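Here is how the chains run, residue by residue.
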Amino acid sequence: FELPDLADHIVEFSSDQHGSRFIQQKLETAEPDEAAAVFDEVLPAAHQLITDVFGNYVIQKFLEYGTETQRNQLANELKGHVLSLSLQMYGCRVIQKALEVFDERVKAERPKASRSLENMFPVKTDCDISPVAIVTALGYGARRRPPRLR
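Quantities reported herein were computed from a predicted structural model and do not represent experimental measurements.

### Notes on the overall build of the chain
For the chain, the helix and strand inventory stands at ten helices and zero strands. When the elements of the chain are put in sequence order from the N terminus, they spell out α-α-α-α-α-α-α-α-α-α. Every one of the 150 residues in the chain was classed for burial, and the buried ones make up 38%. Accessible surface, the chain as shown: approximately 9300 Å² in total, 51% of it carbon and sulfur.

Shown next, in the form of structure tokens:
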């Protein structure tokens, strides 16, 4: 099998353990037109795949190996859902990958960092915590401790 053989069945295969692994491996070396065809099927089902036990890995591959345009389209799909996805068993993995990928982009534009994060990941809460604080906190796992607030 090759990626074009899965046309019109990408979402179904992405939700299968072996299908997801196959797609992930092929995306790493896919020609741009093949990857674009897969992405065109994945994008409309992004929310379904983000929270799927196997589909989330396909979304992560696109965050890692996709074009800048594809990454931005996935970021748009995450807008307004960062908090709920961060609390979901598989969605949190996609959020973590997105933060890793976009962290590099934000570092390159350091003066605009806080505004960029708010634009990429707006979070609506009932409390007075800023979206930047929430997204920053999500980046601090067991690896390091957040700075002390004064």
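After that view of the structure, there is still more to cover.
### Brief notes about the packing of aromatic side chains
Evaluated as defined, the whole model comprises one aromatic pair. On the basis of an interplanar angle of 65° and a centroid distance of 5.1 Å, the ring pair of Phe39 and Phe62 is categorised as edge-to-face. Here Phe39 is found in helix H3 (residues 32-42), whereas its partner Phe62 is found in helix H5 (residues 55-65), with 23 residues between them in sequence.

### A closer look at helix H2 (residues 17-29)
Among all positions of H2, only Gly19, Ser20, Ile23, Gln24 and Leu27 are buried. Projected down its long axis, H2 carries its buried residues within an arc of 135°, all on one side. Turned more than 90 degrees off the buried face of H2, the exposed positions are His18, Gln25 and Thr29. Close packing links the buried residues of H2 with helix H1 (10-14), H3 and H5. With a side-chain oxygen lying 3.0 Å from the backbone nitrogen of His18, the N-terminal cap of H2 falls on Asp16.

### Details of the environment of Ile10
Mapped onto the secondary structure, Ile10 falls in helix H1. A relative accessible area of 1% means that Ile10 is categorised as buried. As for Ile10 and Ala37, which are separated by 27 residues in sequence, their C-alpha atoms are 9.5 Å apart.

### Thoughts on unusual backbone geometry
Its identity is not glycine, yet Asp8 carries a phi of approximately 70°, on the positive side. One can find Asp8 in the segment before H1. We classify Asp8 as exposed; its relative accessible area is 67%.

### Concerning the environment of Ala7
The residue Ala7 is located in the segment before H1 in this model. Once the C-alpha coordinates of Ala7 and Glu34 are considered, the two residues, 27 residues apart in sequence, prove to be 9.9 Å apart.

### Quick look at the packing of H5 against helix H6 (residues 68-78)
It is at 8 Å that the axes of H5 and H6 come closest, and there the two elements cross at 135°. Comparing the axis directions of H5 and H6 gives the class oblique. The two elements H5 and H6 cross, and the hand of that crossing is left-handed. Taking contact as the criterion, the partners of Ile59, Phe62, Leu63, Glu64 and Tyr65 in H5 are, on H6, Gln70, Arg71 and Leu74.

### Comments concerning the packing of H2 against H5
Put simply, H2 and H5 touch, their axes get as near as 9 Å, and they point 10° apart. When the axes of H2 and H5 are compared, the pair comes out roughly parallel. From H2, Ser20, Ile23, Gln24, Leu27 and Glu28 reach across to H5, where they touch Tyr57, Val58, Lys61, Phe62 and Tyr65. Taken together, the residues of the contact of H2 with H5 break down into six nonpolar, two polar and two charged.

### Comments concerning the pattern of salt bridges
Applying the stated rule across the entire model yields five salt bridges. In this structure, Glu2 and Lys26 form a salt bridge, with 3.3 Å as the shortest nitrogen-oxygen distance. Residue Glu2 is located in the segment before H1, and its partner Lys26 is located in helix H2; the two are separated by 24 residues in the primary sequence. With relative accessibility at 41%, the residue Glu2 sits in the partly exposed group. With relative accessibility at 24%, the residue Lys26 sits in the partly exposed group. The closest approach of N and O atoms between Glu68 and Arg71, which form a salt bridge, is 3.8 Å. Note that Glu68 and Arg71 are positioned in helix H6 at a spacing of three residues, about one turn of the helix. A relative accessible area of 39% means that Glu68 is categorised as partly exposed. In this structure Arg71 comes out as buried when scored by relative accessible area, which is 19%.

Rules behind the numbers
Residues numbered from 1 in each chain as written. Predicted model: local features only at pLDDT ≥ 70, side-chain atom pairs only at ≥ 80, totals over all residues. Heavy atoms only, no water. Helix = DSSP H or I, 4+ residues; strand = E, 2+ residues; numbered from the N terminus. Buried < 20%, exposed > 50% of the residue type's maximum accessible area, 1.4 Å probe, protein only. Areas by Shrake-Rupley, 256 points an atom, 1.4 Å probe, with all protein chains shown as cover. Phe/Tyr/Trp six-rings, centres within 6.5 Å; stacked < 30°, edge-to-face > 60°. Arc of directions from axis to C-beta. Contact = heavy atoms within 4.5 Å. Polar contact = N/O pair within 3.5 Å; in protein donor to acceptor, adjacent residues only side chain to side chain. Axes fitted to C-alpha atoms, helices over the stretch in contact; angles between N-to-C directions. Parallel < 35°, antiparallel > 145°, perpendicular 65-115°, else oblique. Left-handed = near helix turned anticlockwise from the far one by under 90°. Nonpolar A, V, L, I, M, F, W, Y, C, P; charged D, E, K, R; others polar. Salt bridge = Lys/Arg side-chain N within 4 Å of Asp/Glu carboxyl O.

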